[in-house]
Amino acid sequence: MPWELHQATLIVHILLAIMWVGGILFIGWGVYPAVRNMNVVTQREILLRLMQWSHKYLTGAGAGVILTGILLGTVFGPISQWYDVIDTRYGNIWLTALIVGTLTLLWGVFVGYRQFCNVFSNVELWEQADSGDRKPLFKALINVALLESVEVAGFMTLLYLMVLL
Ligand code: HEM
């Protein structure tokens, strides 16, 4: 395969990874702290809308990272048979990245995002917090953050694997 095509795929891979990882991390360290001092009803509305809007793009970026990662390792890379995956250092790292990347994406879509929507769609919980009883909401948000941290651990593992490749 032409070198230019390999380079173009690598650029797309890195750009999509920036969107996927950077997008999710930015919501956590940039958007959430910025809206935390607003009243709880506004917070709920902004964060729910933001997540509902960005979810499809973040999922698409994650799927694109995995797809381009597969191409970079196989079509443009040294993996051409099952032996290369099982019996070479490159193949082992690539397979680990493929598994970690897929699990991270599935976790984000089916666990993290679902739990986020459950908590942020629960209007009663937010109204209760608005009227002074913040404890149940606080507990629910801690739960969301813990589930999201699994995704962050997946990102960190992937970054480490990319350095090893
Ligand atoms: C957090 C997600 C990811 C990030 C930030 C990321 C980042 C990168 C970066 C920066 C490179 C360039 C490395 C270099 O040229 O030395 C790269 C290359 C590559 N990535 Fe990823 N990547 C991610 C996920 C994945 C996944 C899930 C796979 C496997 C399906 C994968 C497979 C590859 C392959 C095969 C290469 C080419 C390595 C080579 O042969 O030089 N990446 N990635």
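As recorded in an unreviewed UniProt entry, the protein goes by the name Copper resistance protein D domain-containing protein, listed as coming from Lentibacillus kapialis.

Caption draft 1: Region of the structure containing the environment of Leu-165. Looking at the element boundaries, Leu-165 is found in the segment after α6 (135-164). Through-space distance from the C-alpha of Leu-165 to that of Val-119 is 39 Å; in sequence the pair is 46 residues apart.

Caption draft 2: Layout of the UniProt feature "transmembrane region" (unreviewed entry) in the protein. Per the UniProt record, the feature "transmembrane region" (unreviewed entry) sits at residues 12-35, 56-79, 91-113 and 140-163. In residues 12-35, helix accounts for 100% and strand for 0%; the two terminal C-alpha atoms are 32 Å from one another. End C-alpha to end C-alpha, residues 140-163 measures 36 Å, and it is 100% helix and 0% strand.

Caption draft 3: Expanded view of the packing of helix α2 (residues 40-73) against helix α5 (residues 123-130). Direction vectors running N to C along α2 and α5 enclose 150 degrees, while the axes themselves pass 8 Å from each other. As the angle between them shows, α2 and α5 are arranged roughly antiparallel. Taking contact as the criterion, the partners of Val-40, Val-41 and Arg-44 in α2 are, on α5, Trp-126, Ala-129 and Asp-130. Here the contact of α2 with α5 is built from residues that sort into four nonpolar, no polar and two charged.

Criteria and cut-off values
Residues numbered from 1 in each chain as written. Predicted model: local features only at pLDDT ≥ 70, side-chain atom pairs only at ≥ 80, totals over all residues. Helix = DSSP H or I, 4+ residues; strand = E, 2+ residues; numbered from the N terminus. UniProt positions renumbered as here; feature names shortened; annotations may be inferred. Axes fitted to C-alpha atoms, helices over the stretch in contact; angles between N-to-C directions. Parallel < 35°, antiparallel > 145°, perpendicular 65-115°, else oblique. Contact = placed C-beta atoms within 7 Å. Nonpolar A, V, L, I, M, F, W, Y, C, P; charged D, E, K, R; others polar.

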